[in-house]
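The lines below spell out each chain.
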Amino acid sequence: MNNNTILFHLAFPINDIAKTKEFYSQGLGCEIGRESPTSVIMNLYGHQIVAHITKEPLKPQASIYPRHFGLIFLSETDWENLLVRAQQHQLSFYQEPKRRFAGEITEHRTFFLIDPFYNLLEFKYYCHYEAIFGSQEFNQVGDKV
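Notes on the structure follow. Everything quoted here is computed from the prediction, not taken from an experiment.

## Notes on the environment of F112
Residue placement: F112 occurs in strand β7 (residues 108-114). Separated by 29 residues in the primary sequence, F112 and L83 have C-alpha atoms spaced 9.9 Å apart. The contact partners of F112, leaving out residues within four places of it in the chain, are I64, H68, S92, F93, Y94, Q95, R100, L121 and E122.

Laid out in structure tokens, this is it:
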């Protein structure tokens with residue numbers, strides 16, 4: 001599979017286009033694409049995310065599981081730059097930056113943001129690239145629940 005020609009797409013619920021653009025464009029630096037009265041397409045680091053207005057009530061999750069989305073940075077500097085941007089724009093952190101699994105092949109840095117509609121976003125940097133998809137001998141995924 002040639003990953004250089006494939007883009008990821010994700011649609012998620014919101015209830016206000018203006019707040020969405022403020023958080024994702026001004027806060028995270030997403031480019032705004034097409035927009036309608038009920039949805040907006042955005043470019044999140046080369047991937048298409050689409051926010052759709054829903055009339056259903058949006059409620060916070062009890063934890064980061066079962067649902068969140070985000071990015072894995074291949075450069076620690078890029079991860080740190082987004083962290084600084086999120087802090088400068090005073091975005092809401094659901095979980096502050098931390099290091100998971102220190103000293104293990106699966107060691108990574110992570111932080112979670114929460115958008116105005118309770119969508120959770122995780123941003124990671126793995127210290128060892130092979131841990132992103134490999135390292136099957138390690139059975140822990142994420143935090144203990």
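Read on, since the account is not over.
## Observations regarding unusual backbone geometry
Following Y65, the chain continues to P66 via a peptide bond in cis, the omega torsion being 15°. Here P66 shows up in the loop between β4 (47-53) and β5 (69-73). Even without being glycine, Y45 reaches a positive phi, approximately 55°. As for its position among the elements, Y45 is in the loop between β3 (39-44) and β4. On the accessibility criterion, Y45 (44% relative accessible area) is partly exposed. A positive phi angle, close to 55°, is found at F101, a residue other than glycine. Structurally, F101 can be placed in the loop between β6 (93-100) and β7.

## Some remarks on the sheet that holds β4
Overall, mixed pairing links the 4 strands, which are arranged β1-β4-β3-β2 in an open sheet. Since the sheet does not close on itself, it has two edges, and those belong to β1 (9-14) and β2 (31-36), each with one partner. Adjacent strand axes in the sheet meet at a mean angle of 20° when their direction is disregarded. Sheet topology note: the β3/β4 ladder contains 6 bridges and is antiparallel. Looking at the pairing, N43 lines up with Q48 of β4. Packed onto the sheet, helix α1 (residues 17-27) meets β1, β2, β3 and β4 and runs at close to 5° relative to β3.

What counts as what
- Residues numbered from 1 in each chain as written.
- Predicted model: local features only at pLDDT ≥ 70, side-chain atom pairs only at ≥ 80, totals over all residues.
- Heavy atoms only, no water.
- Helix = DSSP H or I, 4+ residues; strand = E, 2+ residues; numbered from the N terminus.
- Contact = heavy atoms within 4.5 Å.
- Buried < 20%, exposed > 50% of the residue type's maximum accessible area, 1.4 Å probe, protein only.
- Pairing = 2+ DSSP bridges.
- Axes fitted to C-alpha atoms, helices over the stretch in contact; angles between N-to-C directions.

Spatial relationships are all this shows, so hold off on functional conclusions.
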